[in-house]
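# Chains, contacts and geometry: an overview
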Amino acid sequence: MQRITVIPGDGIGPEVTRGACDVVAASGAAVRFHEVPAGQRAEREHGTPLPGAVFESVSETKIALKGPTQTPFGGDYRIHVERRDAAGKTRRSSYPSIAIALRRELELYVAVRPSKNYPGVPSHFENVDLLIFRENSEDLYIGMERMIDEGTAEAIKIISLRATERVTRFALEYMRKLKRRRLTIGHKANVMKLTDGLFLKTAQETARAFPDIAVEQRVVDALCMELVMRPGEYDALLLPNLYGDIVSDLAAGLVGGLGVAPGANFGPDCAMFEAVHGTAPDIAGKDLANPMAMILTAVMMLRYMNEGQAADRIERALAAVLREGRAVTRDLGGEAGTRAMTDAIIEQMR
Ligand code: NAI
């Protein structure tokens, strides 16, 4: 029985993670959930938004299913993490958000975010089937920012050969397993000559060991334009952290929005599955959130755990609910709530 750490998170997080867990439980997968708090509730109840219990649980289970967690805009909000290293020494770090703290502390160096059309999900396009690989550990998201004076702020962007090589190798090996054939590297090496230049050069050189996969490059602004014009022409994208974050949301918009976009973070020791969307404060607590992104995220988790049959059952049930189009949420053109859509998927599996 595989134990899974569940982090419900903030906003719509508890609604959609509960739905995903119920669907996984109904799929016949041999799993047990261990819920731990992170986010605002954890801050209220434990005095910290990221309690040590989260790391303790993940170090045991090696797999986490995470709902979104809220981060205030601006200000000097930081997530402080205190952990013992292997030698027993206390190490203190701070990060701009809980999601970033978890990805960095757990060494989850790559985010994989598929965006594809599902029959029944309203979208401007057909035949979109994109796989995005986002470097997760560096770039401007290391959170090194400071005010130089009252009117000027600066941020440091780090791109390293090691992290770029690691994420590129992961992307190409992942693509090989799925028989995907074309990788487009997104960058801004025309302006960020050293940082993005290093990303591009390293990714291209690493890709030479994978002659079965065609590798091309695009400046990220032109790539965005092409994606909204002809998304069906792209197969897989490899991007540094910041562009990867932005292009993932753009890609979600190509196939029906954030309510349908799943995601996963992988590292050498563990994996954390989280949808692309955030806490959606505008609809939180109203039973309006689409549970599909989180359910597809759980499907990615089940495939990672070699629970392929359970994953297939869920995908088939979800496809049936989408096809019928009755028990779907507002963003999909229906009137069902989060719970009703979840229950309809569970009902399909009976
Ligand atoms: P958001 O993704 O929460 O919402 C953007 C829009 O998409 C909203 O209109 C929302 O209602 C809609 N939306 C999102 N998920 C949906 C779903 N499942 N069903 C239907 N509609 C959905 O992005 P926003 O507003 O920029 O961020 C809100 C908060 O979430 C911020 O505090 C942000 O830092 C946090 N966030 C956390 C993430 C994480 O923990 N992994 C990722 C992204 C944002």
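Looking at chain direction, strand β1 (residues 2–7) and strand β2 (residues 31–35) are connected through 5 bridges and run parallel. Each residue of the ladder has a partner; that of T5, found in β2, is H34. Once the chain exits β1 it traverses helix α1 (residues 13–26) before rejoining the sheet at β2, and the crossover so formed is right-handed.

A few words on the domain arrangement of the protein. Partitioning the protein into domains gives domain 1 (1–113 + 261–350) and domain 2 (124–254). Computed over C-alpha atoms only, the centres of domain 1 and domain 2 are separated by 24 Å. Counting the surface lost from both domain 1 and domain 2, the interface buries some 1600 Å², and carbon and sulfur atoms represent 54% of this. Contact with domain 2 buries area across many residues of domain 1, yet R104, Y109 and R113 alone supply 43% of it, more than any other trio. The interface formed by domain 1 and domain 2 holds 1 salt bridge in total. Two residues, E107 and R166, come together in a salt bridge whose shortest N-O distance is 3.2 Å. Inspection of the domain 1/domain 2 interface yields 8 residue pairs in polar contact (both at pLDDT 80 or more). Among the secondary structure elements, those contributing two or more residues to the side of domain 1 that touches domain 2 are α4 (98–105), β6 (110–116) and β13 (264–266).

Reading the values: the criteria
Residues numbered from 1 in each chain as written. Predicted model: local features only at pLDDT ≥ 70, side-chain atom pairs only at ≥ 80, totals over all residues. Heavy atoms only, no water. Pairing = 2+ DSSP bridges. Helix = DSSP H or I, 4+ residues; strand = E, 2+ residues; numbered from the N terminus. Right-handed = clockwise from strand over helix to strand, strands pointing away. Domains from an automatic or database assignment. Buried area = accessible area lost by both parts, 1.4 Å probe. Salt bridge = Lys/Arg side-chain N within 4 Å of Asp/Glu carboxyl O. Polar contact = N/O pair within 3.5 Å; in protein donor to acceptor, adjacent residues only side chain to side chain.

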